[in-house]
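# Structure assessment
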Amino acid sequence: MSNERLRSALLARGMTVQDLADAIEVNPKTVERWITQGKAPYRRHQYAAASVLNVDVTTLWDDSRAVDTATDLSKAEIVTIYPHRHMVPNGLWREIYEQAESRIDVLVYSGLWLSEDPLFHDLLRRKAGATQLRILLGDPDCPAVRQRGIDEGHRIMDGKIRNALVNYRPLFTSHPDIGFRLHDGTLYNSIFRSDDEMLVNTHVYGIGAYMAPVLHLRRLPGAGLFDTYANSIDQTWGSARPVTDRDITGA
């Protein structure tokens, strides 16, 4: 029996059999068999095809292998895990953000290291207007920020945030379409999102974020891990407030 759902999904995306085969790195004759003979691909090819076609995997295949658990789907969203943030390749952060077409999100307490990167500033300027840009820093006067400093073994988190705000200050007036807000939430992770890719820097009691693990995630239709973190960005943004001069000077 042919797989008309797969054929329809290809047509809806304006793709050919060859296009899909190239995208997921299989022989086009294999894709033809999936369509004309109703053959079910290996699980990894099911997920890859569904991601390329931007549909849920169960839309294309309803055999027992396709009806997978949410746990397995979420695992498939994990590209890799770095034991410490300082082990993430230096260019990966910028590479992910360079690829953004619709959104760039940063959810941190200070993210001082990123605010000190002039290439990141240039990137924000170039993306402004065409891409949704949201930079969320911690409110330097809130209890959660003070507690995070204590948890990391210091009491200077508020100062780090103000330093980051000073670094970003030239962008406040020159590019008002770059969104800057301050939040007072307790962060369990710092999150860096670019469209459907994300780096999640976990927070661990007693050590700085640069020593904590980082998850590299890539969103897949039908999975939930990526969206869980993405939703937390949206919720934090909704309750955050604008930046004032007092936040920068502390006066």
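Above this note sits the structure.
Residues numbered from 1 in each chain as written. Predicted model: local features only at pLDDT ≥ 70, side-chain atom pairs only at ≥ 80, totals over all residues. Heavy atoms only, no water.

### What about the overall build of the chain?
For the record, the criterion: Only DSSP runs of H or I covering at least 4 residues are called helices, and only runs of E covering at least 2 are called strands; the numbering of each starts at the N terminus. For the exposure calls, accessible area comes from a 1.4 Å probe over protein chains only, and a residue counts as buried if that area is under 20% of its type's maximum, exposed if over 50%, partly exposed in between. Contacts are assigned to residue pairs with any non-hydrogen atoms lying within 4.5 Å of each other. Under the convention used here, a 1.4 Å probe and the Shrake-Rupley method define accessible areas, while residue burial counts only the protein chains that appear. Working convention for charge: Lys and Arg count positive, Asp and Glu count negative, and His plus the chain ends are omitted. A single reference atom marks each charge: NZ on Lys, CZ on Arg, CG on Asp, CD on Glu.
Helices and strands together make up the secondary structure of the chain, namely 13 helices and eight strands. In terms of principal-axis extent, the alpha carbons of the chain reach across some 70 × 40 × 30 Å. A buried classification covers 47% of the 251 residues belonging to the chain. Residue pairs in contact within the chain that sit at least 24 positions apart in sequence constitute 70% of those at least 6 positions apart. By element, 51% of the accessible surface of the chain is carried by carbon and sulfur atoms, the whole surface being about 12500 Å². Across the chain, the centroid of the 29 positively charged side chains sits 2 Å from that of the 32 negatively charged ones.

### Description of the layout of surface pockets
Here is the rule we go by: Using a 1 Å grid laid over the protein atoms alone, points where a 1.4 Å probe fits but cannot get out form a cavity; open sets with protein on both sides within 12 Å along at least 5 of 7 lines form a pocket; any residue with an atom within 4 Å of a point counts as lining. Grid points are joined across faces, edges and corners, and a volume is the space filled by probe spheres set on the points. Only Asp, Glu, Lys and Arg are considered charged in this grouping, and only Ala, Val, Leu, Ile, Met, Phe, Trp, Tyr, Cys and Pro are considered nonpolar; every other residue, Gly among them, is considered polar.
Computed from the structure, the largest pocket encloses a volume of approximately 290 Å³. Of the residues assigned to the lining of the largest pocket, the class counts are six nonpolar, two polar and five charged. Approximately 240 Å³ is the volume attributed to the second largest pocket. Contributing to the lining of the second largest pocket are 18 residues, with Arg85, Ser110, Glu152, Lys160 and Ala209 lying nearest its centre. If you list the elements that add at least two residues to the lining of the second largest pocket, you get α8 (112-115), α11 (157-174) and β5 (189-194). A per-class count over the lining of the second largest pocket returns eight nonpolar, six polar and four charged.

### Structural notes on the environment of Leu182
Assignment of secondary structure puts Leu182 in strand β4 (residues 178-183). The exposure class of Leu182 is buried, given its relative accessible area of 2%. Along the backbone, Leu182 and Arg169 are 13 residues apart, and their C-alpha atoms lie at a distance of 14 Å. Those residues within four positions of Leu182 in sequence are excluded, and the remaining contacts are Leu137, Gly138, Asp139, Pro140, Leu165, Ala240, Arg241, Val243 and Asp247.

### Things to note about the pattern of salt bridges
The following threshold applies: Take a side-chain nitrogen of Lys or Arg and a carboxyl oxygen of Asp or Glu: if they are within 4 Å of each other, that pair is a salt bridge.
Using the criterion set out here, one finds 17 salt bridges in the structure. One salt bridge connects Arg7 with Glu4, and the closest N-O pair in it is separated by 3.0 Å. Taken together, the residues Arg7 and Glu4, both in helix α1 (residues 4-13) and three residues apart, mark about one turn of the helix. When its relative accessible area of 40% is taken as the criterion, Glu4 is described as partly exposed. Taking the shortest distance from any N to any O, the salt bridge between Arg162 and Asp158 comes out at 3.8 Å. Placement of the pair is Arg162 and Asp158 together in helix α11, with a separation of four residues, close to one helical turn. Overlapping salt bridges bring together Arg103, Asp105, Arg134 and Asp234 as one network.

### So, helix α12 (residues 225-239)
Selection rule: Expected helix span is given by 1.5 Å per residue-to-residue step, counting one fewer step than there are residues. What the arc describes is the spread of directions from the helix axis to the C-beta atoms.
Here α12 contains 15 residues, and its C-alpha end-to-end distance of 22 Å stays within 8% of the 21 Å for a straight helix at 1.5 Å per residue. All of the buried residues along α12 are Phe226, Tyr229, Ala230, Ile233, Thr236 and Trp237. Along the axis of α12, the buried residues cluster in a sector spanning 120 degrees; they form a single face. Opposite the buried face of α12, by more than 90 degrees, sit the exposed residues Thr228, Gln235, Gly238 and Ser239.

### Considerations on the pairing of β5
As a reminder of what qualifies: A strand pair is defined by DSSP finding two or more bridges across the two strands.
Among the six residues of β5, six are classified as buried, and the element is accordingly described as predominantly covered. By the alternation rule, side chains of β5 split into Asn189, Ile191 and Arg193 and Ser190, Phe192 and Ser194, which are all buried. When strand β2 (residues 103-107) meets β5, the two strands line up antiparallel, connected through four bridges. Its bridge partner being in β5, Asp105 is matched across the sheet by Arg193.

### Focus: the side chain of Asn201
Threshold: Two N or O atoms count as a polar contact when they lie within 3.5 Å, although within protein this holds only if one can serve as hydrogen donor and the other as acceptor, and sequence-adjacent residues are included solely when both atoms are side-chain atoms.
In this structure, Asn201 sits in strand β6 (residues 197-202). Within the local environment of Asn201, its side chain forms a polar contact with the backbone oxygen of Pro213, the two atoms lying 3.3 Å apart.

### Here we look at helix α3 (residues 28-36)
For α3, the set of buried residues is Val31, Trp34 and Ile35. Down the axis of α3, the sector holding all buried residues measures 95 degrees, keeping them to one side. Elements in contact with the buried residues of α3: α1, α2 (17-24) and α4 (43-53). The backbone nitrogen of Lys29 has a side-chain oxygen 2.8 Å away, supplied by the residue at the start of α3, namely Asn27. Taken from the residues just after α3, Gly38 is the one with a positive phi, measuring 70 degrees.

From the geometry alone we can't say anything about function, so treat these as descriptive.
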